[in-house]
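Inside the fold
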Amino acid sequence: MGTSENRDGVDLTNLDQPLSDDADATKRDLVDYLDAVADRILPVLAGRPLTVLRALRGRAPFMQKNVPKYTPDWVRTVPIWAEASRREIRYAVCDDRRTLLWLANQRAVEYHPALGPADDVYRPTHLILDLDPPDDGDFASVVAVAHLVRRALADCGLDGAVKTSGSRGLHVFVPIDDSAPVDDVAAATRALAARTEALDPTVATTAFIVADRAGKVFVDATRAGGATVAAAYSPRLRPGTPVSFPVAWDALDRIHPSDFTVRTAVSALAGGDPWADAMPAPTRLPADLIEQGRAIPVARVAAMHEGKRRARARRKDDEAGADQTG
């Protein structure tokens, strides 16, 4: 088998090269996998500004938003103003197999689409909770919290689909209609996280500061607005090159994220599209959920203020200690 070939007009090169030292996968494995799941991953990428994680030889992996200057004219792009950097960024939009193959040939391993479409990027189409275990936590604890999320959803008349993150956690996606502005979606996400924590605070936490999590699963409610999340079926640049893979709620207790890699995921699909099959119809967010969330501080902002408060307290303690020893 050669180290280069052409598919759909895209020249694929250096296919025998490993993706990383611990990937247990070559560039060919990446290309073959993405080509095999193209009809499943493209619907979750299409029409959305795309950030990719690239793994080039001899360089540290990096997230790429702005497309390179050599991007072919046939790759659709969309310009979006970035307030933080005060510049316009030209994102790729992966609508077709040809673009997907071109990105794979660029050693784009991970695919992180925006939560909103290119024509209204700050209108998220899903409410998302990211369940992240502590460093020494096992996957069973994440599964337990995922079931708490499902209970919290059911309690307010919502439903969602769940997938592995491709790392050690789980993502819960709740499709929503376009009736709520982005700030209300963010508020509802915070409220849903708080309701999940309240169901069993011994295993779930919304503490944004890592030191405050006490070994519990973090229910991350910050995936709103301009955030991105690894797409369903996206590979991840982790040992073994795992894949973010859809899982039925009643199967969570029988799987582990490492079960799904670029080498094994296609056979696990068994010809189906479990993400599309599991996703409920979009629904309106309950007003009481939004209202509750409005009273909950934005996690990053609250953590920043708390960090400053703790730093001031430490300085005072240090100064007091110096006065006593001086």
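See the structure shown above.
Keep in mind the model is a prediction, meaning the values are calculated, not measured. All residue numbers here refer to positions counted from 1 along the written sequence of the relevant chain. Side-chain atom pairs in this predicted model are given and counted only at pLDDT of 80 or more, local residue features only at pLDDT of at least 70, and totals for whole chains, interfaces and linings cover all residues. The side-chain values count all of the structure's non-hydrogen atoms but skip hydrogen atoms and water molecules.

1. Some thoughts on the environment of Pro-124
- By the element assignment, Pro-124 lies in the loop between strand S7 (108-113) and strand S8 (126-132).
- The buried label goes to any residue with under 20% of its type's maximum accessible area, the exposed label to any with over 50%, and the partly exposed label to all in between, with areas taken from a 1.4 Å probe on protein chains only. By relative accessible area, Pro-124 is classed as buried at 3%. Under the DSSP-based scheme used, a helix requires at least four consecutive residues in state H or I and a strand at least two consecutive residues in state E, with every element numbered from the N terminus.

2. As for the pairing of strand S5 (residues 77-82)
- Burial along S5 is one-sided: the face carrying Val-78, Ile-80 and Ala-82 is buried and the face carrying Thr-77, Pro-79 and Trp-81 is not.
- Summarising the sheet, S5 and strand S6 (residues 87-93) pair through 6 bridges and their orientation is antiparallel. Bridge pairing in S6 links Val-78 to Tyr-91.
- If you look at the hairpin formed by S5 and S6, you'll find 4 residues sitting between the two strands, and Arg-86 has a positive phi there, around 55°. When DSSP finds two or more bridges between two strands, those strands count as paired.

3. A few points about the layout of surface pockets
- Definitions used throughout: a 1 Å grid over protein atoms alone; a cavity as a set of points that fits a 1.4 Å probe which cannot get out; a pocket as an open set with protein on both sides within 12 Å along at least five of seven lines; a lining residue as one with an atom within 4 Å of a point. Grid points are joined across faces, edges and corners, and a volume is the space filled by probe spheres set on the points. As a volume, the second largest pocket reaches approximately 370 Å³.
- Residue assignment for the lining of the second largest pocket shows that the elements contributing at least two residues are strand S3 (49-54), S5 and S6.
- Counting residues per element, the lining of the second largest pocket draws most heavily on S5, which supplies 3 residues.

4. Some thoughts on the pattern of salt bridges
- Criterion for a salt bridge: a side-chain nitrogen of Lys or Arg within 4 Å of a carboxyl oxygen of Asp or Glu. The tally for this structure, following the rule as stated, stands at 18 salt bridges.
- Taking the shortest distance from any N to any O, the salt bridge between Arg-7 and Glu-5 comes out at 2.7 Å.
- Since its relative accessible area comes to 13%, Arg-7 is described here as buried.
- Arg-123 is the salt-bridge partner of Asp-120, the closest N and O atoms lying 3.8 Å from each other.
- Its relative accessible area of 35% is what places Asp-120 among the partly exposed residues.
- Taking relative accessible area as the criterion, Arg-123 reaches 25% and is therefore assigned partly exposed.
- Among the ionic contacts, a cluster of salt bridges with common partners joins Glu-5, Arg-7, Asp-8, Arg-28, Asp-32, Asp-35 and Arg-97.

5. Some points on the pairing of S6
- Two strands pair when backbone bridges link them, and S3 and S6 are joined in this way by 2 bridges, in the antiparallel orientation. Across the sheet, Pro-49 pairs through a bridge with Val-93, a residue of S6.

6. Focus on the sheet that holds strand S12 (residues 217-220)
- With mixed pairing, the 6 strands of this open sheet are ordered in space as S11-S12-S8-S10-S9-S13. Each edge of the open sheet carries a strand with a single partner, namely strand S11 (204-205) and strand S13 (246-247).
- Where strand S9 (residues 161-164) meets S13, 2 bridges bridge the pair, whose relative direction is antiparallel. Within the sheet, the bridge partner assigned to Lys-163 lies in S13 and is Pro-246.
- Its contacts with the sheet place helix H4 (residues 139-155) against S8, strand S10 (170-175), S11 and S12, and it is angled at close to 15° to S10.
- Should any heavy atoms of two residues lie within 4.5 Å, those residues are considered in contact. With axes taken as lines fitted to C-alpha atoms, and helix axes fitted only over the stretch in contact, angles between N-to-C directions fall between 0 and 180 degrees. In the packing of helix H5 (residues 182-199) onto the sheet, contacts are made with S8, S11 and S12, and the angle to S8 comes to roughly 40°.

7. Considering the nonpolar core
- Each nonpolar core is a collection of buried residues, namely Ala, Val, Leu, Ile, Met, Phe, Trp, Tyr and Cys, held together in the definition by side-chain atoms within 4.5 Å. In this structure, Leu-100, Tyr-111, Leu-131, Leu-170 and Leu-285 are the most contacted members of the largest nonpolar core, which totals 84 residues.
- It is H4 that provides the largest number of residues to this core, a total of 9 residues.
- With residues up to four places along the chain from it excluded, the contact list for Leu-170 reads Leu-129, Asp-130, Leu-131, Phe-139, Val-142, Val-143, Ala-146, Val-162, Lys-163, Thr-164, Ser-165 and Leu-252.
- Of all hydrophobic cores here, the second largest spans 9 residues; its members include Ile-80, Ile-89, Val-93 and Ala-118.

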